[in-house]
Amino acid sequence: MADHILEVNHLKKYFKTNRGMLHAVDDITFRLERGKTLGIVGESGCGKSTTGRCILRLIEPTDGEVIFEGEDLLKLGKRQMRARCSDLQIIFQDPFSSLNPRNTVMETIAEGVRVQKKYRTPAEIEKRVLELMETVGLAERLINSYPHELDGGRRQRIGIARALAVEPKLIICDEPVSALDVSIQAQILNLLKELQRKLGLTYIFISHDLSVVNHISDEIMVMYLGQTVEKAPSAELFANPIHPYTKALLSAIPIPKVDANKERIHLKGEVTSPIDPEDECRFAKRCLYACEKCQKGCPKLKEVSPGHFVACHCFPE
Ligand code: SF4
């Protein structure tokens, strides 16, 4: 039987605005197997990062359940949640702004090592920091460097080492390679995969780039305006995309071939407002296949083949 480390049920996050309630995350449900990666993909403002932050309670969700190893994190008090924090970590998009510019590599990683309380003396802490630096591929000579002295790839490696310092079980990678050059992106993705294999880590990998998500994920969840529109194992999603939005995202992936013959789906129309949205398909205003029934209620996720879920009134036909 599958060992699910995380179960998210009907997660919602609404923000009060002057114009009404903004539905940033609207009824998200998924389960994640230990040691696997769930990729969450969608355009800016679709709620993918908010979902990640709600799971960690960096933002308090409006409703729902986040069951981590059998315990609902949303029911924990502040102290209990703090005790759970070392099991769940986050790696941010911009390593420069997420690192304290006044702290050296040693000081940044040592903060997490001290939390563990396993390493007490300065010599033990330094030894552990050096171990972590080696794990993420940072040379020992950089131990006293400051973030501004390092390139983006090395800064992201510090972010990863800092997350690993508390020996987490689940890491939320929030656009961890978006700010990096393409060649460095591949190095960081390969490092994350290697660490997963060695340490048995579970990832939620958030990105707007479907090809990046595909490189690392076992399963992919596509989000649009706070909702899941399609979820499937990665290979299945790429081989058999069903939702019109997923098809448009896939068509936008560039093919590195001069004579590549691929038709790009251009989405037209305005994006539906996430403030008090109507009870209709939220993609309807941009969908090439929208028809009368798409205005009659928000489509629910249905399993169309084992493990492949789609929320659409018209597809599969
Ligand atoms: Fe398009 Fe209708 Fe499906 Fe929405 S429900 S994605 S509008 S076909």
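In short, a report on the structure. Predicted model only: the values in this text are computed from it and were never measured.

The rules behind each value
Residues numbered from 1 in each chain as written. Predicted model: local features only at pLDDT ≥ 70, side-chain atom pairs only at ≥ 80, totals over all residues. Heavy atoms only, no water. Phe/Tyr/Trp six-rings, centres within 6.5 Å; stacked < 30°, edge-to-face > 60°. Helix = DSSP H or I, 4+ residues; strand = E, 2+ residues; numbered from the N terminus. Buried < 20%, exposed > 50% of the residue type's maximum accessible area, 1.4 Å probe, protein only. Lys NZ or Arg CZ within 6 Å of the ring centre and 35° of its normal. Salt bridge = Lys/Arg side-chain N within 4 Å of Asp/Glu carboxyl O. Core = buried A, V, L, I, M, F, W, Y, C linked by side-chain atoms within 4.5 Å. Contact = heavy atoms within 4.5 Å. Axes fitted to C-alpha atoms, helices over the stretch in contact; angles between N-to-C directions. Parallel < 35°, antiparallel > 145°, perpendicular 65-115°, else oblique. Left-handed = near helix turned anticlockwise from the far one by under 90°. Nonpolar A, V, L, I, M, F, W, Y, C, P; charged D, E, K, R; others polar. Pairing = 2+ DSSP bridges.

### Re the packing of aromatic side chains
Summed over the entire model, instances satisfying the criterion amount to four aromatic pairs. Between the aromatic rings of Y224 and F283, the centroid separation amounts to 5.0 Å while the plane-to-plane angle is 80°, which identifies the pairing as edge-to-face. With a gap of 59 residues between them, Y224 in strand β9 (residues 219-224) and F283 in the loop between α10 (244-251) and β11 (302-305) connect regions that are remote in the sequence. On the basis of relative accessibility, which here comes to 2%, the residue F283 falls in the buried class. Ring pairing ties together the aromatic residues Y224, Y245 and F283, which thus form one cluster. The positively charged end of K13 is found above the aromatic ring belonging to F15, 5.0 Å away from the centroid. Stacked on the ring of F315, the Lys or Arg K247 has its end atom at 5.1 Å from the ring centre.

### Details of the pattern of salt bridges
Evaluated as defined, the whole model comprises 21 salt bridges. Two residues, E131 and R128, come together in a salt bridge whose shortest N-O distance is 3.0 Å. Highlighted residues: E131 and R128, both in helix α5 (residues 122-135), separated by three residues, approximately one helical turn. Under the relative-accessibility criterion, E131 is labelled partly exposed at 35%. Across the salt bridge formed by K198 and E194, the nearest N and O atoms sit 3.7 Å from each other. You can see K198 and its partner E194 sitting in helix α7 (residues 182-199), four residues apart, about one turn around the helix. On the basis of relative accessibility, which here comes to 52%, the residue K198 falls in the exposed class. One network of salt bridges, in which partners are shared, links D3, R34, E69, E71, R84, D87 and K169.

### Some thoughts on the nonpolar core
Membership of the largest hydrophobic core comes to 60 residues, with the highest contact counts inside it found for I109, V129, I160 and L192. Setting aside residues no more than four positions away along its own chain, V129 makes contact with M106, I109, A110, V113 and I143. Judged by nonpolar contacts, the second largest core, of 27 residues, contains L6, C54, I204 and M221.

### Quick word on the packing of helix α6 (residues 152-164) against α7
Where α6 contacts α7, the axes come no closer than 10 Å and their chain directions differ by 20°. Considering the angle they form, α6 stands roughly parallel to α7. Remark: the crossing between α6 and α7 carries right-handed chirality. Two secondary-structure elements touch here, α6 through G153, Q156, R157, I160 and L164 and α7 through I184, Q187, I188, L191, L192, L195 and L199. Split into classes, the residues belonging to the contact of α6 with α7 amount to eight nonpolar, three polar and one charged.

### Here's the deal with the packing of helix α4 (residues 105-116) against α6
The axes of two packed helices give the description: the angle between them and the distance between them. At a minimum axis separation of 7 Å, α4 and α6 run at an interaxial angle of 25°. Put simply, α4 runs roughly parallel to α6. At the point where α4 passes α6, the crossing takes the right-handed sense. Between α4 and α6, the contacting residues are V105, T108 and I109 on the first element and I158, A161 and R162 on the second. Taken together, the residues of the contact of α4 with α6 break down into four nonpolar, one polar and one charged.

### Things to note about the sheet that holds strand β3 (residues 37-41)
Taken together, eight strands build an open sheet; the order of strands is β6-β7-β8-β3-β9-β10-β12-β11 and the sheet is mixed. Every interior strand has two partners, whereas the edge strands, β6 (88-91) and β11, have only one. Recorded for the sheet is a direction-independent mean angle of 20° between the axes of neighbouring strands. By the bridge criterion, five bridges tie β3 to strand β8 (residues 202-207) in an arrangement that is parallel. Residue pairing for β8: V41 is matched across the bridge by S207. Sheet strands in contact with α6 are β6 and β7 (170-174), and its direction is about 175° off that of β6. Against the sheet, α10 touches β3, β9 and β10 (227-233), its axis set at about 110° to β9.

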